[in-house]
Amino acid sequence: MANSADPPETLLTIGAFARTSRLSIKALRLYDEIGLLAPERVDPSSGYRYYASEQLELARLVAWLRRLGMPLARIRQVCAVAETDGGGAAREIGEYWRQVEADTAARRELADFLIARLCEKETPMAPSTVTPLEIRYAAASDRGLIREENQDAAFAGPRLLAVADGFGGRGAEAGRAAIDALRRLDEEAHVDEDAAGIEAGDLLNVLQDAAARADRAVRELGTVADFGSTLTAMLWTGSQLALVHIGDSRAYLLRDSELFQITEDHTLVQSLIDEGRLTPAEASSHPQRSLLVKALGGIGGDRVPQLHVTDVRAGDRYLLCTDGLSAAVPAEALHAELRQGAVADPAAAVRRMVELSLEAGGSDNVACVVADVVVPDQTLAA
Ligand code: MN
């Protein structure tokens, strides 16, 4: 007569199941405890765990997802979906991996920045060779020709340059709140008086905090998560411009007659381009080209901003703008207009940028800031 403690012939012992699934016995015990992979049967007297061979497929999936570095809570989610919907589980894994790559990209940027910063410390510039610089700036925003209200906002002060593109039900308030949350940076001193450079870590922390403050300010406007804002802002320290950026507004640098886009677009189409699934040409006419993957406010979990610090040079011209300009006017046209000489000063430049947006149809709101880096004495002669 079979003892009730004997396992049914068809079940695998935890040892056999561990070997076949390539999960350790210790891991299997843990997965049972957290409800990720419960054994088919637990012997009531001995407490031994027994597994059905049909459970191997799920166990292997768990093992592979662990190798991918996926956290257990997330694995549980994928496995629950996988039981009934293989395609849904595939999408969950794709979503997880996109997030990993975005985090890695953000960390790579931070690593590059720290490497560059430490290399500079190795070969510091002699104080006498450092030329004091200052910025001249102007900001402008316009409702455009179609939209009923202006949800874009722009700000330019002695230390802070910023544009924001609000969207959704409370978009106008969101854009303003994002910029207002940063405005105290314009009053606080983050200026390196001796031009020796502010500690990089300090500056990054200041920006990170500013982005978090802006995000909170936008969220506090309402509980329904159907609105938000982009934010692209630069903080002037006297020798450096530090950037904080989230969304699809842009920052450009005109240097040595070349125009560089400093920001990355946090849009769905840009992720598809990065993955090689879309060409830039296809992206510009994609029906969901303005769909954001990151923004301040309520459009999802990932709100890690792009942070960046650049050493400026006399003659640099910076443009911050919302997509009312950059999506409507080709970069070549912006480049031609921004070249030194075409528009003499920042005030004329922002007026011209708004005109370009309106000439292109004015279908969206527009906001822009232009800042020129100049040697103080020469500004009077210019
Ligand atoms: Mn816009």
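Look up: the structure comes first, before these words.
Model, not experiment: these values are computed from the prediction. (Residues numbered from 1 in each chain as written. Predicted model: local features only at pLDDT ≥ 70, side-chain atom pairs only at ≥ 80, totals over all residues. Heavy atoms only, no water.)

This next bit is on the overall build of the protein chain. For the protein chain, the helix and strand inventory stands at 14 helices and 15 strands. The 382 residues of the protein chain split such that 45% are buried. Taking the intrachain contacts of the protein chain between residues at least 6 apart in sequence as the baseline, contacts between residues at least 24 apart amount to 67%. As presented, the protein chain carries roughly 19,800 Å² of accessible surface, and 52% of it is formed by carbon and sulfur atoms. (Helix = DSSP H or I, 4+ residues; strand = E, 2+ residues; numbered from the N terminus. Buried < 20%, exposed > 50% of the residue type's maximum accessible area, 1.4 Å probe, protein only. Contact = heavy atoms within 4.5 Å. Areas by Shrake-Rupley, 256 points an atom, 1.4 Å probe, with all protein chains shown as cover.)

Helix H1 (residues 14-21) sits mainly inside the fold: six of its eight residues count as buried. Those residues of H1 that sit buried are Ile14, Gly15, Ala16, Phe17, Ala18 and Ser21. The elements touched by buried residues of H1 are strand E1 (12-13), helix H2 (25-33), strand E3 (49-51) and helix H3 (56-67). Just downstream of H1 lies arginine 22, where phi reads positive at about 60°.

Once that is clear, we can look at the packing of aromatic side chains. All chains considered together, the criterion is met by two aromatic pairs. Note on phenylalanine 17 and tyrosine 51: the rings are 4.3 Å apart at their centroids and 10° apart in plane angle, and the pair reads as stacked. Remark: tyrosine 51 occurs in strand E3 and phenylalanine 17 occurs in helix H1; sequence separation between them is 34 residues. For phenylalanine 17, a relative accessible area of 0% corresponds to the buried category. When its relative accessible area of 0% is taken as the criterion, tyrosine 51 is described as buried. For the ring pair tyrosine 96 and tryptophan 97, a centre distance of 6.4 Å and an interplane angle of 55° mean the geometry is tilted. (Phe/Tyr/Trp six-rings, centres within 6.5 Å; stacked < 30°, edge-to-face > 60°.)

The subject of this paragraph is the pattern of salt bridges. Here the structure, examined in full by the defined rule, presents 14 salt bridges. Close ionic contact of arginine 49 with aspartate 32 constitutes a salt bridge, the shortest N to O distance being 2.8 Å. Here arginine 49 is found in strand E3, whereas its partner aspartate 32 is found in helix H2, with 17 residues between them in sequence. Grouping residues by exposure puts arginine 49 and aspartate 32 together as buried. Arginine 250 is paired through a salt bridge with aspartate 265; the nearest N and O atoms lie 2.5 Å apart. A residue pair is termed long-range when its members are at least 10 positions apart, and arginine 250 in strand E10 (residues 250-255) and aspartate 265 in the loop between strand E11 (258-261) and helix H9 (268-274) qualify at 15 residues. Take arginine 250: its relative accessible area is 18%, and that puts it in the buried class. One continuous salt-bridge network, built from bridges that share partners, spans Glu337, Arg352, Glu355 and Glu359. (Salt bridge = Lys/Arg side-chain N within 4 Å of Asp/Glu carboxyl O.)

Here the focus is the sheet that holds E3. Strand order in this open sheet of three strands is E1-E3-E2, and the pairing throughout is antiparallel. Two strands lie at the open edges of the sheet, namely E1 and strand E2 (41-42), each paired on one side alone. Where E1 and E3 come together, two bridges link them in antiparallel fashion. When the bridges of E3 are listed, threonine 13 appears paired with tyrosine 50. (Pairing = 2+ DSSP bridges.)

Another point: the side chain of glutamine 240. Assignment of secondary structure puts glutamine 240 in strand E9 (residues 240-246). Relative accessible area serves as the criterion here: at 2%, glutamine 240 is assigned to the buried category.

Within the largest apolar cluster, 30 residues are counted, with the highest numbers of intra-cluster contacts made by Leu182 and Leu231. Of all elements in the fold, only strand E5 (152-156), strand E6 (160-168), helix H6 (171-182), helix H8 (200-219), strand E8 (231-236), E9 and strand E13 (306-311) reach the threshold of two or more residues within this core. The leading source of residues in this core is H8, at eight residues. Discounting chain neighbours no more than four positions away, the residues touching leucine 231 are Val163, Ala164, Ala178, Ile179, Leu182, Ala214, Val244, His245, Ile246 and Leu296. Formed by 22 residues, the second largest nonpolar core is a distinct cluster that contains Tyr31, Leu36, Val62 and Leu72. (Core = buried A, V, L, I, M, F, W, Y, C linked by side-chain atoms within 4.5 Å.)

In this section: the sheet that holds strand E15 (residues 366-374). Spatially, E4-E15-E14-E10-E11 is the arrangement adopted by the five strands of the open sheet, whose pairing is antiparallel. The sheet terminates laterally at strand E4 (134-142) and E11, the two strands that pair on one side only. Across the sheet, the mean angle separating the axes of adjacent strands is 15° when strand polarity is ignored. Here E4 pairs with E15 via nine bridges, running antiparallel. The residue bridging serine 141 from the neighbouring strand is alanine 367, located in E15. Against the sheet, helix H12 (residues 331-338) makes contact with E10, E11, strand E14 (317-321) and E15, and its axis sits at roughly 130° relative to E11, the strand it touches most. (Axes fitted to C-alpha atoms, helices over the stretch in contact; angles between N-to-C directions.)

Two numbers describe how H1 lies on H2: the axes approach to 9 Å, and their chain directions differ by 105°. In this view, H1 runs roughly perpendicular relative to H2, as classed from their interaxial angle. Side by side, H1 and H2 meet where Ile14, Gly15, Phe17 and Ala18 of the first sit next to Ile25, Leu28 and Arg29 of the second. A breakdown of the residues in the contact of H1 with H2 according to their chemical character gives five nonpolar, one polar and one charged. (Parallel < 35°, antiparallel > 145°, perpendicular 65-115°, else oblique. Nonpolar A, V, L, I, M, F, W, Y, C, P; charged D, E, K, R; others polar.)

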